[in-house]
Amino acid sequence: MRTASRIYTALVMIFLFAPIAILLVFSFNDSKSLSVFSEFSFRWYRELFRDSETLGAVRNTLVLAVSAALISTVMGTAAAVGIHKLKNRYLRAAMDTVTNIPMINPDIITGISLMLMFVFVGRLFGAATSLNFATMLIAHITFCLPYVILQVLPKLQQMDKSLPEAAMDLGCTPMRAFLKVEIPEILPGIVTGLIMAFTLSLDDFVISYFTAGNGFQTLPIRIYNMTKKTVTPKMYALATIIFFVILFLLLLSNLSDADTVQAVRTAREKRKTAKRG
Amino acid sequence: MKKILSALLAAVMLLSLCALSGCGSSKALTLNVYNWGEYISDGSEDSLDTIKAFEQWYQETYGEKIKVNYTTYASNEDMYAKLSSGAVSYDVIIPSDYMIARMKDEGMLLPLDFSNIPNYEYIDESFRGLYYDPDDTYTVPYTYGVVGVIYNANVVDEADVGGWDLMWNDKYAGEILQFNNSRDAFATAMYKLGIDVNTSDKAEWQRALDELKTQSPLVKSYVMDEIYNMMESGEAAIGAYYAGDYFTMLDAQADGVDLRFYYPERTNYFVDAMCIPSCCQHKELAEIFINYMLSEEPAIANAEYIYYASPNSLVYESEDYREELGEEAMEILYPGIDNFSELYNAYAYQNLDSEMLDFVNTLWESLKIA
């Protein structure tokens with residue numbers, strides 16, 4: 001039984017990480033082939049940093065992901081607070097369902113319907129081109145929003161209702177109580193929502209594909225478009241770099257989490273000893 | 001509380017609206033170029049960065065700043081879908097022949113003003129009057145290519161080499177790769193049987209299907225892009241593809257694999273050409289760009305990067321270019337350029353009407369299911 005479970009774990013690990021390992025190894029291959037490893041070299045990394053189109057696409061992707069994540073986090077948090085404050089149970093259930101629709105909707109339908117809407121509105125105002133960075137940003141905010149709401153709403157529900165009330169009893173204005181008491185309380189939800197929105201926007205292909213305009217191309221679209229010829233190993237190099245950056249961020253956030261847990265624990269110990277004393 | 005929240009929301013909305021209008025009305029002169037992915041010299045491996053070079057050249061010549069918005073597509077159909085949605089505007093596009101014919105028929109292309117494209121004189125005579133643009137009004141050819149058969153000489157006997165028969169030779173069962181796309185796969189059978197690939201006679205297509213059915217037990221798999229790795233590694237020994245792509249495989253072949261290439265008697269040709277779509281906003285600028293792409297330095301850089309044949313005499317007559325490619329590659333990439341238009345108009349794919357396409361696809365599915 002024990003060996004069986006070990007084999008199972010090993011298999012899961014292999015299927016999860018073998019593709020990344022292969023990509024990593026072949027990003028250092030001197031030749032273009034995926035079947036022959038000729039010689040270790042940084043050739044594709046050099047090529048990558050010389051390729052202005054790809055670097056431009058990386059920049060576009062990052063600009064889009066950061067702005068979409070920030071805006072959708074602000075809007076999503078505000079929406080979650082609003083939904084949480086709704087008194088009418090039915091209205092609240094209705095709002096919950098409506099905000100979830102973009103999440104359940106298949107990407108391809110979201111993409112096409114957004115494109116049609118942008119074209120329609122663009123025609124209405126007589127614009128020659130209706131797709132550009134802004135339309136892509138709106139599209140990305142649209143599909144990121146429900147994820148932010150989904151992260152923030154449970155935190156609001158878990159929060160002790162008497163906390164902001166106590167703050168206001170002690171003389172806080174409602175705004176101050178919100179900023180100083182409620183926000184710190186739901187912050188983990190907001191941060192998770194932000195990170196989710198960022199990653200979702202970063203690797204979205206389908207919706208971006210339909211809403212991309214003339215001059216704004218993201219990385220997933222650029223890689224997809226390389227299929228007339230083969231995808232160059234430059235992309236393996238790029239994927240390897242992205243993988244390590246994300247790994248580093250993950251480690252960093254885990255470390256800081258561990259620090260916070262530790263800090264909370266020591267603070268609690270101190271309080272306990274203080275009480276006893 | 002509520003007021004502040006709604007104010008915040010309104011601010012965010014307003015911000016995104018500002019961004020929307022802000023991006024729409026940028027004043028700088030921009031040229032939108034829409035091309036295949038990996039289909040222009042982009043500065044890698046010490047090549048010329050064509051787009052940057054054009055921007056620089058334009059500023060030096062006309063004293064005006066220009067920005068080229070260069071984006072890519074993966075297939076003719078993707079490009080067509082994007083353009084016909086009416087949501088975008090491009091100034092220069094580079095579709096393939098059959099798509100040009102279709103777009104021209106649908107009024108999606110503008111006639112070119114050749115007085116702005118003096119370099120057109122360098123395009124070889126045999127690339128004029130091709131079926132998709134018989135009067136040479138809409139297009140300037142960019143690249144062309146010919147389908148041939150690639151084989152591993154360590155597996156295949158030289159005696160069996162020469163025609164399409166090799167792909168039907170049962171000596172090499174399980175070593176053969178066939179196109180995983182109806183038009184290309186049917187064409188191999190039709191060239192073999194000597195049938196016109198653009199025929200509207202359904203019985204002829206049926207004959208080609210029967211030929212493909214006799215081949216299917218010998219086929220290792222039906223592939224498109226996968227052909228690169230399968231041929232390079234020696235996993236398969238016979239497959240048809242474009243001459244330019246053969247050199248990509250040759251570059252990466254494994255030890256013990258000896259890839260070679262030949263042209264069968266009848267085969268497919270393609271031409272990709274630069275056109276100006278009707279949604280173009282800077283037509284003269286687009287023509288200047290097309291003209292620049294035909295001038296010596298960028299044309300040679302692109303031909304060396306893409307590794308497809310160029311119809312531009314500045315390229316194939318250039319000593320540097322011939323030296324860079326080597327004699328063998330020149331012979332394969334440029335086989336008998338003299339009667340190109342004749343061969344092309346006889347054997348290249350032309351647009352089938354939608355009823356024929358449906359019929360061919362039904363046949364294709366019956367092959368894939370069997």
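What counts, and where the lines are drawn
Residues numbered from 1 in each chain as written. Chains lettered and ligands numbered in written order. Predicted model: local features only at pLDDT ≥ 70, side-chain atom pairs only at ≥ 80, totals over all residues. pLDDT = per-residue confidence, 0-100. Pairing = 2+ DSSP bridges. Helix = DSSP H or I, 4+ residues; strand = E, 2+ residues; numbered from the N terminus. Contact = placed C-beta atoms within 7 Å. Axes fitted to C-alpha atoms, helices over the stretch in contact; angles between N-to-C directions. Buried ≥ 20, exposed ≤ 12 C-beta atoms within 10 Å, placed from the backbone. Right-handed = clockwise from strand over helix to strand, strands pointing away. Core = buried A, V, L, I, M, F, W, Y, C linked by C-beta atoms within 7 Å.

Q: Describe in detail the confidence of the model for chain B, supporting the description with residues and values.
A: Across chain B, the average pLDDT comes to 89, with 92% of residues at 70 or higher. Our summary of model confidence lists the complex with pTM equal to 0.83 and ipTM equal to 0.75.

Q: Describe the sheet that holds strand β2 (residues 67-73) of chain B, naming the residues involved and giving the relevant values.
A: Residues and elements named next belong to chain B. If you walk across this open sheet you meet the three strands as β2-β1-β3, and the pairing is parallel. At either end of the open sheet lies a strand with only one pairing partner, and these are β2 and β3 (92-93). Taken together, the seven bridges between strand β1 (residues 30-36) and β2 define a ladder with parallel strand orientation. For L31, the partnering residue across the bridge sits in β2 and is V68. Strand contacts of helix α9 (residues 283-294): β1 and β3, with the helix running at about 50° to β1, the strand carrying the most contacts.

Q: Explain unusual backbone geometry residue by residue, including any values.
A: Residue and element names in this part refer to chain B. In the Ramachandran plot, E38 falls in the positive-phi region, its phi being about 55° despite a non-glycine side chain. Note that E38 resides in the loop between β1 and α2 (50-62). Of the residues examined, E38 has 20 C-beta atoms within 10 Å and is grouped as buried. Although it is not a glycine, Y307 sits at a positive phi angle of roughly 65°. Secondary-structure assignment places Y307 in the loop between α10 (296-306) and α11 (313-316). The buried category is assigned to Y307, around which 20 C-beta atoms lie within 10 Å.

Q: Residue-level account of the pairing of β2(B), with values.
A: Counting buried residues in β2(B) gives five out of seven residues, a clear majority hidden from the surface. Note on the crossover from β1(B) through α2(B) to β2(B): the handedness is right-handed.

Q: Tell me about the environment of B:A189, and name the residues and values.
A: Residues and elements named next belong to chain B. Locating A189 in the fold gives a position in helix α5 (residues 182-193). Separated by 65 residues in sequence, A189 and D124 place their C-alpha atoms 31 Å apart. Those residues in contact with A189 that sit more than four places away from it in its chain are A208, E211 and L212.

Q: Help me get a handle on the nonpolar core, residues and values and all.
A: In this structure, A:A68, A:C144, B:V92, B:I238, B:M274, B:F289 and B:I290 are the most contacted members of the largest nonpolar core, which totals 147 residues. No other element matches helix α6 (residues 133-158) of chain A, which puts 14 residues into this core. In contact with B:V92, not counting residues within four places along its chain, are B:V33, B:M274, B:I276, B:A286, B:F289 and B:I290. By size, the runner-up hydrophobic cluster in this structure holds 10 residues, among which are A:W44, A:L48, A:M235 and A:L238.

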